Amino acid sequence: MMLVTKRFALVAGLGTLMLLSACSDKAPKGDTAVTAASAGVTATRASFGALSDGTAVESVELKNSKGISVKLITYGAAMQSLLVPDKDGKAADIIIGYDTIEGYEKTPNFTNVTVGRYANRIAGGKFTLDGKTFTLPLNDKTNTLHGGPKGWDKLNWTIKDVKSGANEASVTFTLTSKDGDQGFPGTVVADVTYTLTENNDLSFTYKATTDKPTVVNLTNHGLYNLGGIPATRLATDAELKIESDAILPVDKALIPTGKEMPVKGTPFDFTSPALVTDRVKSTDPQIVIGNGGIDHNYVIRGGLTAAPKLAVTLEDKTSGRGMTISTTEPGVQMYTGNFLDGKIVGKGGQSLVKYQAIAFEAQRYPDSPNHPAFPTTRLDPGQTYTQTTVHHFYTVK
């Protein structure tokens with residue numbers, strides 16, 4: 001049984017809610033911080049360099065009084081760093097990534113980015129909506145993956161709002177995706193808000209609207225190693241529990257077959273805490289298909305919900321870091337870094353290798369537009385797509 005021996009207590013200082021002005025087209029000349037003696041959580045806005053075409057990239061760092069801080073960048077509306085204390089109070093970055101903007105712009109990986117317009121895979125790069133077939137560019141062999149070769153992770157979002165106060169701080173990024181972007185219909189306006197609280201909750205809140213019928217499926221492709229980055233051991237050397245009794249098995253192209261597969265008696269069974277490393281070494285055919293690891297959607301108990309429900313609990317007993325993930329979404333795509341092959345260099349000059357990080361992508365199901373029985377990803381004019389996913393951090397023995 002996974003026992004939480006120490007949770008960071010909520011500290012609610014007194015302070016006045018303060019608001020930073022929305023982002024201008026130019027990067028700020030220096031850091032702009034929301035600070036006050038009584039503020040428990042601060043927001044600091046700064047430059048994060050420029051893209052190869054000269055476009056300015058900005059960052060916003062959210063930091064609470066418990067030692068947790070997260071730096072967000074406008075490019076890909078991504079997390080660049082996430083520092084979390086261990087059981088001895090020593091903070092370390094727990095997400096892989098890159099030290100400079102060049103790494104994010106020039107590598108093909110989806111590293112802690114906001115993924116859209118459609119997270120995960122669409123088979124053959126095609127789907128039909130209201131009798132019309134839409135063809136998308138392929139970027140995953142025979143599939144369209146995470147919105148295509150220039151999805152929302154490869155775009156520079158705009159800072160819409162930054163707030164800081166006694167109990168929480170947040171940043172909202174916004175993006176307009178034009179009709180026909182990567183082959184998808186409809187002009188979509190999307191927002192993602194990252195919020196850090198004094199209770200050590202980091203939430204991701206998404207909203208999107210459209211002017212034509214389309215499909216929308218958003219997620220954050222966070223790649224975590226609770227042991228810390230640069231890594232000294234595998235991210236899979238952690239105990240995992242998932243609130244799920246079934247996965248979506250896939251074919252050789254990693255596309256769901258359309259049926260659910262019970263996890264009981266398989267290496268995918270995390271209904272009770274289990275070490276992930278032991279499972280990814282399995283010779284189960286579905287593990288082999290995933291390039292020697294897990295790259296599958298878990299069907300979360302409760303399905304699509306109005307409020308976030310517990311989906312994932314991950315604990316690294318060596319560092320004492322624990323993380324829970326609660327979400328409104330019906331599925332979580334677990335990916336154990338199976339395709340990290342050491343060719344890409346990440347933070348601190350460390351090569352990114354297999355099992356060095358794990359992703360838990362809260363979302364609707366992969367290839368849903370081609371599976372009518374799956375939870376719908378359709379979005380019509382007048383509707384608003386919403387999602388809330390919350391990561392909570394704590395310490396364990």
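Every value quoted in this text rests on a predicted model; they were computed, and no experiment measured them.

Rules used in this analysis
All chains use their own residue numbering, which begins from 1 and follows the written sequence. Whole-chain, interface and lining totals are the exception, using all residues; otherwise, since this is a predicted model, local features are given only for residues with pLDDT of at least 70 and side-chain atom pairs are given and counted only at 80 or more. Just so you know, side-chain values use all the structure's heavy atoms and leave hydrogens and water out. In DSSP terms, a helix is any run of H or I states spanning at least four residues, a strand is any run of E spanning at least two, and both are numbered starting from the N terminus. Radius of gyration: over C-alpha atoms. The globule rule applied is 2.2 Å multiplied by the number of residues raised to the 0.38 power. Think of it in three bands: with a 1.4 Å probe and only protein chains considered, a residue is buried below 20% of the maximum accessible area for its type, exposed above 50%, and partly exposed in between. When DSSP finds two or more bridges between two strands, those strands count as paired. Within this scheme, the nonpolar core is defined by two criteria: the residues are buried Ala, Val, Leu, Ile, Met, Phe, Trp, Tyr or Cys, and they are joined through side-chain atoms within 4.5 Å. Should any heavy atoms of two residues lie within 4.5 Å, those residues are considered in contact. N or O atoms closer than or at 3.5 Å make up a polar contact, with two conditions inside protein: a donor-capable atom paired with an acceptor-capable one, and, for residues adjacent in sequence, both atoms drawn from side chains. Residue-level confidence of the predictor is summarised by pLDDT, bounded by 0 at the bottom and 100 at the top.

1. Re the overall build of the protein
Stage number 1. Along the protein, the regular secondary structure elements total three helices and 32 strands.
Stage number 2. For 397 residues, the compact-globule formula gives about 21 Å, and the C-alpha radius of gyration of the protein, at 20 Å, lands near that figure.
Stage number 3. Taking the principal axes of the C-alpha coordinates as reference, the protein spans close to 55 × 50 × 40 Å.
Stage number 4. By the burial criterion, 58% of the 397 residues in the protein qualify as buried.

2. Some details on the pairing of strand β25 (residues 309–316)
Stage number 1. When you tally the buried positions in β25, you get seven out of eight residues, the bulk of the element.
Stage number 2. As judged from the four bridges shared by strand β20 (residues 239–242) and β25, these two strands associate in the antiparallel manner. Looking across to β25, one finds that Glu239 is bridged to Glu315.
Stage number 3. As judged from the seven bridges shared by β25 and strand β26 (residues 321–327), these two strands associate in the antiparallel manner. Counted as the bridge partner of Glu315 is Gly322 from β26.
Stage number 4. Between β25 and β26, which follow one another and run antiparallel, lie four residues, and Gly320 among them has a positive phi close to 85°.

3. Regarding the sheet that holds strand β22 (residues 261–262)
Stage number 1. Across the sheet, five strands lie side by side as β22-β21-β24-β27-β30; this open sheet has antiparallel pairing. Looking at strand neighbours, the two that pair on one side only are β22 and β30 (359–363), the edges of this open sheet.
Stage number 2. In terms of strand pairing, strand β21 (residues 244–248) meets β22 through two bridges, oriented antiparallel. Within β22, the position partnered with Ile247 by the bridge is Met261.

4. Side note on unusual backbone geometry
Stage number 1. Residue Gly116 is joined to Arg117 through a cis peptide bond whose omega torsion reads 0°.
Stage number 2. As for its placement among the helices and strands, Arg117 is situated in the loop between β8 (114–115) and β9 (121–123).
Stage number 3. Notably, Asn120 is not glycine yet its phi reads approximately 75°, a positive angle.
Stage number 4. With respect to the helices and strands, Asn120 occurs in the loop between β8 and β9.

5. Comments concerning the nonpolar core
Stage number 1. Counting residues in each nonpolar core, the largest one holds 64 residues, and the members touching the most others are Leu82, Tyr298 and Met334.
Stage number 2. Looking at this core element by element, the count peaks at five residues for strand β15 (residues 188–197).
Stage number 3. If sequence neighbours within four positions are ignored, Leu82 has contacts with Ile68, Ser69, Val70, Ala92, Asp93, Ile94, Ile95, Leu202, Tyr224 and Phe393.
Stage number 4. Ranked by size, the runner-up nonpolar core spans 24 residues in total, among them Tyr335, Leu340, Ile344 and Leu352.

6. Section: the environment of Asp130
Stage number 1. For Asp130, the position within the fold is in the loop between β10 (126–129) and β11 (132–135).
Stage number 2. Residues Asp130 and Thr214, spaced 84 residues apart in sequence, show a C-alpha to C-alpha distance of 9.8 Å.
Stage number 3. Dropping the residues within four chain positions of it, Asp130 is found in contact with Pro213 and Arg378.
Stage number 4. Here the side chain of Asp130 touches Arg378 through a polar contact of 2.9 Å, side chain to side chain.

7. Considering the confidence of the model for the protein
Stage number 1. Overall, the predicted model of the protein reaches an average pLDDT of 92, with 90% of residues at or above 70.
Stage number 2. Every residue in residues 1–30 is under pLDDT 50, and counting partners more than four places away or in other chains gives 75 contacts.
Stage number 3. Here residues 33–38 is a poorly scored stretch, pLDDT under 50, and it has 13 contacts once near neighbours within four places are set aside; other chains count.

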